[in-house]
Protein chains: 2
Amino acid sequence: MTDYTLHYWPIPFRGHFARAALAHAGADWAEAGTEATAEAMDKPVSEQAVPHMAPPLLIDHRRDSAVAQMPAIMAYLGAALDLMPGDPARDALALKAVLDGNDVLDEITRDGGRQMWDAASWEAFEPRLSRWMAIFEETGNRHGLTAKAGWMLGTGAASLADLAAWALWSPMTRKLPPLRGMLEREAPATAGLVARLEDTPPLARLRERSDAAWGESYCGGQIERSLRAVLGQVQR
Amino acid sequence: MTDYTLHYWPIPFRGHFARAALAHAGADWAEAGTEATAEAMDKPVSEQAVPHMAPPLLIDHRRDSAVAQMPAIMAYLGAALDLMPGDPARDALALKAVLDGNDVLDEITRDGGRQMWDAASWEAFEPRLSRWMAIFEETGNRHGLTAKAGWMLGTGAASLADLAAWALWSPMTRKLPPLRGMLEREAPATAGLVARLEDTPPLARLRERSDAAWGESYCGGQIERSLRAVLGQVQR
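Residues numbered from 1 in each chain as written. Chains lettered and ligands numbered in written order. Predicted model: local features only at pLDDT ≥ 70, side-chain atom pairs only at ≥ 80, totals over all residues.

Visitor: Report on the overall build of chain A, specifying residues and quantitative values.
Guide: Helix and strand counts for chain A come out as 11 helices and 4 strands. Taking 2.2 N^0.38 as the reference for a compact globule, 236 residues should give roughly 18 Å; the C-alpha atoms of chain A span a radius of gyration of 17 Å, in line with that estimate. Structurally, chain A occupies a C-alpha span of about 45 × 40 × 30 Å along its principal axes. If you take every contact in chain A between residues at least 6 apart in sequence, the share linking residues at least 24 apart comes to 70%. (Helix = DSSP H or I, 4+ residues; strand = E, 2+ residues; numbered from the N terminus. Rg over C-alpha atoms; globule rule 2.2 N^0.38 Å. Contact = placed C-beta atoms within 7 Å.)

Visitor: Can you lay out the nonpolar core for me, pointing to particular residues and giving the numbers?
Guide: Counting residues in hydrophobic clusters, the biggest one holds 146 residues, and the most contacted among them are Ala 165 of chain A together with Ala 165 of chain B. Sequence-distant contacts of Ala 165 of chain B, defined by excluding residues within four places in its chain, comprise Ala 97, Phe 136, Met 152, Thr 190, Leu 193 and Val 194 of chain B. (Core = buried A, V, L, I, M, F, W, Y, C linked by C-beta atoms within 7 Å. Buried ≥ 20, exposed ≤ 12 C-beta atoms within 10 Å, placed from the backbone.)

Visitor: Account for helix α6 (residues 119–142) of chain A, with residues named and values stated.
Guide: Side chains of residues three or four places apart in an α-helix project in the same direction, reflecting 3.6 residues per turn. Residue and element names in this part refer to chain A. Compared with the 34 Å implied by 1.5 Å per residue over 24 residues, the 35 Å span of α6 between its first and last C-alpha is a close match. Residue Glu 126 marks the point of greatest curvature in α6, where the axis turns by about 35°; the proline Pro 127 follows within four residues. For α6, the set of buried residues is Trp 132, Met 133, Ile 135, Phe 136, Glu 137, Glu 138, Thr 139, Gly 140 and Asn 141. In this structure, the buried residues of α6 make contact with α4 (88–108), α7 (160–175), α8 (178–186) and α9 (188–198). At the exit of α6 stands Gly 144, carrying a positive phi of roughly 85°. (Expected span 1.5 Å × (residues − 1). Bend = angle between axes of the 7 residues up to and from the residue.)

Visitor: How would you explain the packing of helix α7 (residues 160–175) of chain B against helix α9 (residues 188–198) of chain B if you had to name every residue and give the values?
Guide: Residue and element names in this part refer to chain B. Two elements in contact, α7 and α9, have axes separated by 9 Å at closest approach and are oriented at 95°. By the angle between their axes, α7 is roughly perpendicular relative to α9. Residues Asp 162, Ala 165, Trp 166, Trp 169 and Ser 170 of α7 form the contact with α9, whose own contacting residues are Thr 190, Leu 193, Val 194, Leu 197 and Glu 198. Here the contact of α7 with α9 is built from residues that sort into 6 nonpolar, 2 polar and 2 charged. (Axes fitted to C-alpha atoms, helices over the stretch in contact; angles between N-to-C directions. Parallel < 35°, antiparallel > 145°, perpendicular 65-115°, else oblique. Nonpolar A, V, L, I, M, F, W, Y, C, P; charged D, E, K, R; others polar.)

Visitor: Talk me through the interface of chain A and chain B; I want residue IDs and the actual numbers.
Guide: At the interface, 32 residues of chain A touch 32 residues of chain B. Broken down by secondary-structure element, the contributors of at least two residues to the side of chain A that touches chain B are β4 (65–68), α3 (70–80), α4 and α6 of chain A. Sort the elements by how many residues they give to the side of chain A that touches chain B and α4 of chain A lands first, with 8 residues.

Visitor: So what about the sheet that holds strand β1 (residues 4–7) of chain A? Which residues, and what values?
Guide: Residues and elements named next belong to chain A. With mixed pairing, the 4 strands of this open sheet are ordered in space as β2-β1-β3-β4. Taken across any chain shown, the strands that pair with only one partner, and hence form the sheet edges, are β2 (29–31) and β4. The mean inter-strand angle of the sheet, taken between neighbouring strand axes irrespective of direction, is 20°. For strand β3 (residues 57–60) and β4, the ladder comprises 4 bridges, and the chain directions are antiparallel. Directly across from Asp 60, in β4, lies its bridge partner Ser 65. Across the face of the sheet, helix α1 (residues 15–24) comes into contact with β1, β2 and β3 while running at roughly 160° to β1. (Pairing = 2+ DSSP bridges.)

Visitor: Explain the relation of the copies chain A and chain B to me, using residue names and the numbers behind them.
Guide: For these two chains of identical sequence, chain A goes onto chain B by a turn of 180° and a shift of 0.0 Å along the axis, with RMSD 0.0 Å. Such a combination of turn and shift is consistent with a two-fold rotation axis. The C-alpha atom lying nearest the rotation axis in chain A is that of Asp 111 of chain A; the distance is 3.7 Å. When you check the interface residues of chain A against chain B, 100% turn up at the interface there too, and the contact is symmetric in its surfaces. (Least-squares fit on C-alpha atoms with pLDDT ≥ 70 in both.)

Function-wise, these values are silent; they only describe arrangement.
Okay, structure coming up:
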């Protein structure tokens, strides 16, 4: 049996934050798969491993514990896998980077596809997406991150903040290439960080495995089609 | 000078999570007020105390640090004010309770008022709101919480999870009384916990001060009017 099981849909999106932490730290985890994820979500709360509304859900088999809510999973893994900066102010900023990422995912899918994108709504959103990029960039800059070297919070190695940056911006800019130029322009140090992490063996393997399993999927659903439409991308 | 300054709007809503933690722990904080909150939010990221999209924003004057994103503020205060359960599994569940609360706030305002409530959309949402209540209730039940005694995670005193439960359900059920009966029915142990915390001097004072300053406001804006309309409440 593996050490962890992750319940999430067969897409990168919100699940890739936990996967990035697990992969980067060399942890041993299994993907529960779509059916088990849906089944766990739909159970009465009294039968759930941890009462939760939606995946991701992480089971830690060694500790016999379970946690839901992506940022709570990240805090849990941050402590378990030694990915926290280690002082109160930067630990809070690491979690903040995760939460910023979580918000960007909500915004780019219009809160799980409540409304679809069209040219006007996307145009109105672009300055806000730029601002999110600038928030990551400025955070990194304040801690010595450049396009060529360093980490988001000035740590000696990748922290939860760097893995959050990778999990947010790598799938988005790879699956939706028109956004890659925007990230490179608006947040060059962040783009450099993402590219450096992308080349590390654990995250390169995660990318290859995910691409092989799920193809071009980013967030899935009708909202992905509408996102690709406004970006002039054809879904393959 | 106070130890902390909280930037948030003059409503309970998302700001009350941080206020609950600060008040419960006897911390000394100032409210920045609407103008300073808006000003901090609108600055270029390079001039912000911490790069952020929206309040709440907490400044810790003693440590000269700043953090945004409500759940990250809660994690920061949880560590600083000794409000964490103290073991990895329950620490994660404490943060999960905060994140569940944050999601409920998004949902009850339809993500900051992107759409307004009407009878049909509210009716469709009610089972989901019940499920959120059941998630809190089941979490408490598993750790020995009853309507009369105990804490959400079986700790010896209120943890971040209990303060999150109070910050979520107390303003909602007090400002929108039709929801009080629903909480008592769907989540009696949680309702009991909220009532017990409500009677502690720090949270009673917070409630009195907030009511005096902000009156009946819950989340503000047009979305509050539409929420009161579907609940048959007149906004005073």
